[in-house]
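Each chain, written out:
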Amino acid sequence: MHERLTTDCGKVDDPRSSVLDVERAGALWKDVLRGLVAVFALQDVLMIGYLAVTTVVLLCADASEVRSQCVHRNLAYIAALVAGCVFARRATFVAPVIRRTVYRLLLVGVFLLNYLALRHVLPVVRSDALDTELLRLDLLLFGVEPALWLERFNTRPVVEWFAFFYFSYFFICFFSMVLSLWVTRPGRAVTQYALGTALVYCVGQLGYMAVPAYGPIVALSSSYPGPVDGGFFWNTVMKIVQSGGAMKDVFPSLHTAAPLWFALYAFSRARADRRLLGLAVVTAFFSFNIIISTMLLRWHYAVDVVAGVALAVSAAWAAPRLAAWEERLRERMGQPQPWIFR
């Protein structure tokens, strides 16, 4: 009996057993990580994480029929993204061209539908508005409200010039997406674009929920001597905003952040390919005019623009680093890069 007890104690005290347990646990977690990396890219994680956070925020709001619809819509988006990622990266019995096409269309589709749904989401998340606080911050930082100061340029030619550029925002988003996701050869540059764009819009739209506001065009309407003196382009912008705009989406200014991010991305690409320098300069020119238009057309406070600039610069700094990190992670896990479908 003494020998049996001694043997049992030796087994319990054997350090090799604990080492083996740690190694098994480490191997298990590595297998789990490898499985996740095989299905999801970092841009997928950002989008799904954003939708999950938005869903939690909605569930914390007061119960209503609109809230239930928004939650169900978000869950459907998450399910669609997960199913799309599994199909694109694991359904190897389907031709790669079909899988990568479905994946790109799904990302863009969910992205667009989510933006259009903000019109219903934002009032549910926050029923208040912080226009007064944003105005005070503008006055504290600049001594004047730039959206009011720019009223001196409220003439038809000036308004039409900047309304054209404000309207061009939608075309810049579309063409940047086409060039980066559908034309550019799959690689780190495409990953960098996807990550930067996801960061800009996911962080920006969470900002809408944290700092709800209507903007000067509504909150300061009584301070202006008259309406915006616009023509065709101004009326087109108004129709688009009234039909599909999120209405309480001012902080940060994504009309500032997105074009500026596209310009910074184009300049970073131009360092490796000088043929893209002209495109980068044109994008920067449009970005500059869009930024001015956001205040001159009364949509944004100056602090919204400052926040948009900070968001774009942050995305330009983070995107290449995240893309390089993901590339190294996938190499260690023995997985193809996120835009390669085998």
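Residues numbered from 1 in each chain as written. Predicted model: local features only at pLDDT ≥ 70, side-chain atom pairs only at ≥ 80, totals over all residues. Heavy atoms only, no water.

Asks: Looking at this structure, how should I read the overall build of the chain?
Replies: In terms of regular secondary structure, the chain is built from 14 helices and 0 strands. Counting from the amino terminus, helix and strand elements in the chain follow one another as α-α-α-α-α-α-α-α-α-α-α-α-α-α. Principal axes of the C-alpha set define a box for the chain whose edges measure 100 × 50 × 40 Å. Put simply, the chain has 342 residues, and 46% of those count as buried. (Helix = DSSP H or I, 4+ residues; strand = E, 2+ residues; numbered from the N terminus. Buried < 20%, exposed > 50% of the residue type's maximum accessible area, 1.4 Å probe, protein only.)

Asks: Looking at this structure, how should I read the packing of helix 9 (residues 188-210) against helix 14 (residues 302-333)?
Replies: Helix packing for two helices is described by the angle between their axes and how far apart those axes are. Close contact between helix 9 and helix 14 brings their axes to 8 Å; oriented N to C, the two are set at 135 degrees. One finds that helix 9 runs oblique with respect to helix 14. Crossing angle aside, the handedness with which helix 9 passes helix 14 is right-handed. Contacts between helix 9 and helix 14 involve R188, T191, Q192, L195, G196, L199, V200, V203 and G204 from the former and L311, A315, A318, A319, P320, L322, A323, A324, E326 and E327 from the latter. In terms of residue class, the contact of helix 9 with helix 14 is built from 12 nonpolar, 4 polar and 3 charged. (Axes fitted to C-alpha atoms, helices over the stretch in contact; angles between N-to-C directions. Parallel < 35°, antiparallel > 145°, perpendicular 65-115°, else oblique. Left-handed = near helix turned anticlockwise from the far one by under 90°. Contact = heavy atoms within 4.5 Å. Nonpolar A, V, L, I, M, F, W, Y, C, P; charged D, E, K, R; others polar.)

Asks: What am I meant to see in the nonpolar core here?
Replies: As a rule of thumb, soluble globular proteins bury nonpolar side chains together. Ranked by size, the top nonpolar core spans 54 residues in total, and within it L81, Y103, V200, L254 and W261 carry the most contacts. Listed by contribution, the elements that provide at least two residues to this core are helix 3 (42-59), helix 4 (65-90), helix 5 (96-125), helix 8 (156-183), helix 9, helix 12 (254-270) and helix 14. Ignoring any residue separated from it by four or fewer positions in sequence, one finds Y103 in contact with A41, Q43, D44, C85, A88, R89, W339 and F341. Of all hydrophobic cores here, the second largest spans 17 residues; its members include A163, I291, M295 and W299. (Core = buried A, V, L, I, M, F, W, Y, C linked by side-chain atoms within 4.5 Å.)

Asks: What exactly am I supposed to notice about the packing of helix 8 against helix 9 here?
Replies: Packing of helix 8 against helix 9 brings their axes to within 9 Å, and their N-to-C directions diverge by 145 degrees. Where helix 8 crosses over helix 9, the two elements pack in a sense that is left-handed. Side by side, helix 8 and helix 9 meet where Y169, C173, S176, M177, S180 and L181 of the first sit next to V190, Y193 and Y201 of the second.

Asks: Explain helix 3 here, please?
Replies: Three or four residues apart is the spacing at which side chains of an α-helix point the same way, because the helix has 3.6 residues per turn. Taking 1.5 Å per residue, 18 residues should reach 26 Å; helix 3 reaches 26 Å between its end C-alpha atoms and fits that length. Within helix 3, the full set of buried residues consists of L42, Q43, D44, M47, I48, Y50, L51, T54, T55 and L58. (Expected span 1.5 Å × (residues − 1).)

Asks: Looking at this structure, how should I read the side chain of R104?
Replies: Note on placement: R104 falls in helix 5. One buried charged residue, R104, remains without a salt bridge, the closest side chain of opposite sign being D44 at 11 Å. A distance of 2.6 Å separates the side chain of R104 from the backbone oxygen of L181, its partner in a polar contact. (Lys, Arg positive; Asp, Glu negative; His and termini not counted. Salt bridge = Lys/Arg side-chain N within 4 Å of Asp/Glu carboxyl O. Polar contact = N/O pair within 3.5 Å; in protein donor to acceptor, adjacent residues only side chain to side chain.)

Asks: Would you mind going over unusual backbone geometry with me for this structure?
Replies: If a residue is not glycine, its phi is most likely negative; likewise, a peptide bond is most likely trans. The omega torsion of the bond from F251 to P252 falls at -5 degrees, within 30 degrees of zero and hence cis. The residue P252 is located in the loop between helix 11 (232-244) and helix 12 in this model. A positive phi angle is found at R298, which is not glycine, with a value near 75 degrees. Mapped onto the elements of the fold, R298 is located in the loop between helix 13 (277-296) and helix 14.

Asks: In this structure, what is going on with a nonpolar patch on the surface? I would like to understand it.
Replies: Taken together, L137, L140, L141, F142, V144, W149, F153 and V306 make up a surface patch of nonpolar side chains, about 750 Å² in accessible area. It is helix 6 (residues 131-142) that provides the largest number of residues to the nonpolar patch, a total of 4 residues. On the secondary structure map, L140 appears in helix 6. Using a relative accessible area of 68% as the deciding quantity, one classes L140 as exposed. (Patch = residues over 30% accessible without salt bridge, like charges linked within 9 Å, V, L, I, M, F, W, Y side chains within 5 Å. Areas by Shrake-Rupley, 256 points an atom, 1.4 Å probe, with all protein chains shown as cover.)

Asks: Looking at this model, I keep getting lost on the pattern of salt bridges. Mind explaining?
Replies: For side chains of opposite charge, pairing can occur when their charged atoms come near one another. Taken as a whole and judged by the stated rule, the model has 7 salt bridges. Among the ionic pairs, R188 bridges to E327, the shortest N-O distance being 2.6 Å. On the criterion of sequence distance, the pair formed by R188 in helix 9 and E327 in helix 14 is long-range, its members being 139 residues apart. Residue R275 pairs with D273 through a salt bridge whose shortest N-O separation is 2.9 Å.

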